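Coordinates in review
Here's the letter readout for the chains.
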Amino acid sequence: MIALTEPAKNCIGLFINPLAGKGKAIKIAAAVKQRLQAESMHFTTFDEWPVNFPAVTEAWIIGGDGTLNYFINFYKEITAPLAIFKGGTGNDFAWKLYSNSTLQDQLDKVLSVTAKRVDAGLCNGKFYLNSVGVGFDGEVLQSMGSIRFMGGHFGYLWVVIKKIFSFREYNFTIKLAQETLQDKYLIVAVNNSSRTGGGFMVSPKASVSDGLLDMILCKKLGILKRLKVLPVIEKGKH
């Protein structure tokens, strides 16, 4: 057993969210530990995260997008490289980094490549890596309980379809550098990455390393039009 109670030189910290993915994160953590033991690498596990960032040289986060968001705001000042493993419901940011790689393929990559910088957004004093959405997006995310219960992309899709029939657009005032927009919008999203909602390609051209955020605006739509554009947005064809 190579897991340590005290971090050592070149020690990897495994930050696990035991609640993520209805136990999925725990299973992934077990496989990650097994691989690190096989590689004779030092690591220490954190099921309960310390208030101060421990003396580890890398942080491997095992959970979903919510876990990652919590981590980067809980430990705002750290400079250690991060890796995120798909242990949550949507796993959209991990998908952006590693696509559909298997766990072992991702471990091969994380163990062999040099860390690269990615962009982050700032909203109400908090960092985010994937997306910020208000209006329709916010209403959907308020139903996270239902999404987690049903799981992944299907859960998101079910809630989205329900909201299509009930959501009413809000009035927004959007101040940009050169102009001010004022209208009723169904969607106002400012995204760093291309995928949200466990598989919806809301901002398909977004890059996490171009120094830019992508704004997506959708004006008021009737119910039939919403149903028509849903599969288009899901596939990123808009």
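This write-up is about the structure you can find in this document. (Residues numbered from 1 in each chain as written. Predicted model: local features only at pLDDT ≥ 70, side-chain atom pairs only at ≥ 80, totals over all residues. Heavy atoms only, no water.)

Below, the discussion takes up the overall build of the protein chain. Across its full length, the protein chain carries 8 helices and 10 strands. At 19 Å, the protein chain has a C-alpha radius of gyration in line with the 18 Å of a compact globule built from 238 residues. Expressed along its principal axes, the backbone C-alpha trace of the protein chain runs to roughly 60 × 40 × 30 Å. Counting only residues that meet the buried cut, the protein chain has 42% of its 238 residues in that class. Total accessible area on the protein chain is roughly 13,300 Å²; 55% of this is exposed by carbon and sulfur atoms. Side chains of the protein chain give 28 positive and 19 negative charges; the mean places of these two sets differ by 8 Å. (Helix = DSSP H or I, 4+ residues; strand = E, 2+ residues; numbered from the N terminus. Rg over C-alpha atoms; globule rule 2.2 N^0.38 Å. Buried < 20%, exposed > 50% of the residue type's maximum accessible area, 1.4 Å probe, protein only. Areas by Shrake-Rupley, 256 points an atom, 1.4 Å probe, with all protein chains shown as cover. Lys, Arg positive; Asp, Glu negative; His and termini not counted. Charge placed at Lys NZ, Arg CZ, Asp CG, Glu CD.)

The next subject is the side chain of Asn130. Take Asn130: it is sitting in the loop between strand 6 (126-128) and strand 7 (131-135). Only 2.9 Å separates the side chain of Asn130 from the backbone oxygen of Arg195, close enough to count as a polar contact. With residues up to four places along the chain from it excluded, the contact list for Asn130 reads Asp92, Phe93, Asn191, Asn192, Ser193, Arg195 and Thr196. (Polar contact = N/O pair within 3.5 Å; in protein donor to acceptor, adjacent residues only side chain to side chain. Contact = heavy atoms within 4.5 Å.)

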